[in-house]
Amino acid sequence: MPIEEVPSGDEWAARQREMEKWYGELVDKHWSRPCFTNDYGPFGSVLGTYTGTVLDLGGGAGVTRHYLRADVRYVVVDPSLMWLGGEWTLLADEFPCLATPPAFVRGTGESLPVRSRSLDVVLAFWALNHASDLPRIFHQVARALRPGGRFLVVLEDMEPRWRDVVRPAMRRRGMASMLALAAQKVKAALPGQAWSLQEDHIRIREHDIRRWSADHFDIAWRAWVGNYLTYELVARDVRAG
């Protein structure tokens, strides 16, 4: 990763250090396996449909390989080299793919080190919450995807719409959970308040996702998968359009 491609500013570096610290402490703890299973498992049916060349943006040690087809050509682009440490093999009993490191390129989404129209799928599991220039990432992903390629965006700390508060999944959790979520929304709307945000995350609003994607993508679907707001975007053939 050339030094000129490293995002500038102390905030990005601080967020990276905080993220690395959290994941470094996660390895081989008694709850690390169920943590990964609970987070990635609900996406298994979607990941299993992808074919061709898949780039995992901020994909770390490459846990998503566990849910992808065996014939997928998979590569991680991530700015941190911590993911290449041998400690991740400790989780190979649950995720056999971690017995070997993934094809790994050190880089960022703001300057994807791939040829234009060379990818079939780009995955971004929580990576955008740590980014520095989100509009540029959307532009880079659109450049790198073939027409019809998929961009799976999974986001943390997203404020739900009111209709999300009463979605079937929330109703199944019970009235207490629905009321707690509604109370969070009311509090976030008060003067001087905002939706809660982890310290190492940047704030992303849903209307921004739609704005950044409008020029290059169509929305295939939007859903809450567990606690994560998820979009699957389809790359348009902009030159043909």
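This section reports on the structure supplied with the text. (Residues numbered from 1 in each chain as written. Predicted model: local features only at pLDDT ≥ 70, side-chain atom pairs only at ≥ 80, totals over all residues. Heavy atoms only, no water.)

Some words on the packing of aromatic side chains
So the rule is basically this: Only centres within 6.5 Å qualify two rings of Phe, Tyr or Trp (six-membered ring in Trp) as a pair; their planes then separate them into stacked at under 30 degrees, edge-to-face at over 60, and tilted for everything else. Each helix is a run of H or I in the DSSP string that is no shorter than four residues. Each strand is a run of E no shorter than two, and both are numbered from the N terminus. Each residue's exposure class comes from its accessible area (1.4 Å probe, protein chains only) as a fraction of the maximum for that residue type: buried when under 20%, exposed when over 50%, partly exposed otherwise.
Per the counting criterion, the structure on display carries 16 aromatic pairs. An angle of 70 degrees between the planes, with centres 5.1 Å apart, marks the rings of Tyr40 and Trp126 as edge-to-face. Pair noted here: Tyr40 is in helix H2 (residues 32-40) and Trp126 is in the loop between strand S4 (119-125) and helix H4 (134-144), with a separation of 86 residues, a long-range link. Both residues of the pair, Tyr40 and Trp126, count as buried. What links up through ring pairs into an aromatic cluster is the set Trp22, Tyr23, Trp31, Phe36, Tyr40, Phe43, Trp83, Trp88, Phe95, Phe125, Trp126 and Tyr228.

Section: the nonpolar core
Counted only if it meets this: Among buried residues, those of type Ala, Val, Leu, Ile, Met, Phe, Trp, Tyr and Cys that are joined through side-chain atoms within 4.5 Å constitute a nonpolar core. Only heavy atoms enter the contact rule, under which two residues are in contact if any of them lie within 4.5 Å.
Ranked by internal contacts, the top residues of the largest apolar core, which has 35 residues, are Phe36, Leu47, Tyr50, Trp88 and Phe125. Of all the secondary structure elements, the ones that give two or more residues to this core are helix H1 (10-26), H2, helix H3 (44-47), strand S2 (73-78), S4 and strand S5 (145-155). Other than its neighbours up to four places away in sequence, Leu47 contacts Thr64, Tyr67, Leu68, Leu123, Phe125 and Leu152. One finds Val141, Met158, Leu229 and Tyr231 within the second-largest nonpolar core, a separate group that totals 31 residues.

Things to note about the pattern of salt bridges
Here is the rule we go by: Salt-bridge detection follows one rule: a side-chain nitrogen of Lys or Arg within 4 Å of a carboxyl oxygen of Asp or Glu.
Throughout the structure, instances matching the rule amount to 12 salt bridges. The partner of Asp237 in a salt bridge is Arg117, and the shortest N-O contact between them spans 2.8 Å. Of the two residues, Asp237 is situated in the segment after strand S7 (228-235) and Arg117 in the loop between strand S3 (104-106) and S4; the sequence distance between them amounts to 120 residues. For Asp237, a relative accessible area of 32% puts it in the partly exposed group. The salt bridge partner of Asp120 is Arg146, with a shortest N-O separation of 2.8 Å. Remark: Arg146 occurs in strand S5 and Asp120 occurs in strand S4; sequence separation between them is 26 residues. When salt bridges that share partners are traced, they join Arg161, Asp164, Glu206 and Arg222 into one network.

Structural notes on the environment of Asp71
Inclusion rule: Polar contacts here mean pairs of N or O atoms no more than 3.5 Å apart (in protein, one a potential hydrogen donor and the other a potential acceptor; neighbouring residues in sequence count only if both atoms are side-chain atoms).
Position of Asp71 among the secondary structure elements: in the loop between strand S1 (53-57) and S2. Residues Asp71 and Gln140, spaced 69 residues apart in sequence, show a C-alpha to C-alpha distance of 25 Å. Separated by 2.8 Å, the side chains of Asp71 and Arg69 make a polar contact.

Concerning the pairing of S2
Regular strands show a simple pattern: their side chains alternate between the two faces of the sheet. Put simply, the test is: At least two bridges found by DSSP between two strands is the condition for calling them paired.
Judged by how many residues are buried, S2 sits mostly within the fold: five of six residues are covered. Where S1 and S2 come together, five bridges link them in parallel fashion. Across the sheet, residue Leu57 finds its bridge partner in S2, namely Val77. Relative to S3, S2 runs parallel, the two sharing three bridges.

Quick word on the sheet that holds S5
This is how it is decided: Simply put, an axis is a line fit to the C-alpha atoms, just over the touching stretch for a helix, and the angle between two N-to-C directions goes from 0 to 180 degrees.
Strand order across the open sheet formed by seven strands is S3-S2-S1-S4-S5-S7-S6, with mixed pairing between neighbours. With partners counted over all chains shown, the strands left at the sheet margins are S3 and strand S6 (217-225), one partner each. Neighbour-to-neighbour, the strand axes of the sheet open up by a mean angle of 20 degrees, direction not taken into account. Bridge count between S5 and S7: six bridges; the pairing is antiparallel. For Val153, the partnering residue across the bridge sits in S7 and is Tyr231. Sheet strands in contact with helix H8 (residues 206-213) are S5, S6 and S7, and its direction is about 10 degrees off that of S7.

Describing the pairing of S6
Pairing between S6 and S7: eight bridges, direction antiparallel. Bridged to Phe217 within S7 is Ala235. The turn linking S6 back onto S7 is made up of two residues, and Gly226 within it adopts a positive phi angle of 65 degrees.

Take it as geometry only, folks, not as evidence of what the structure does.
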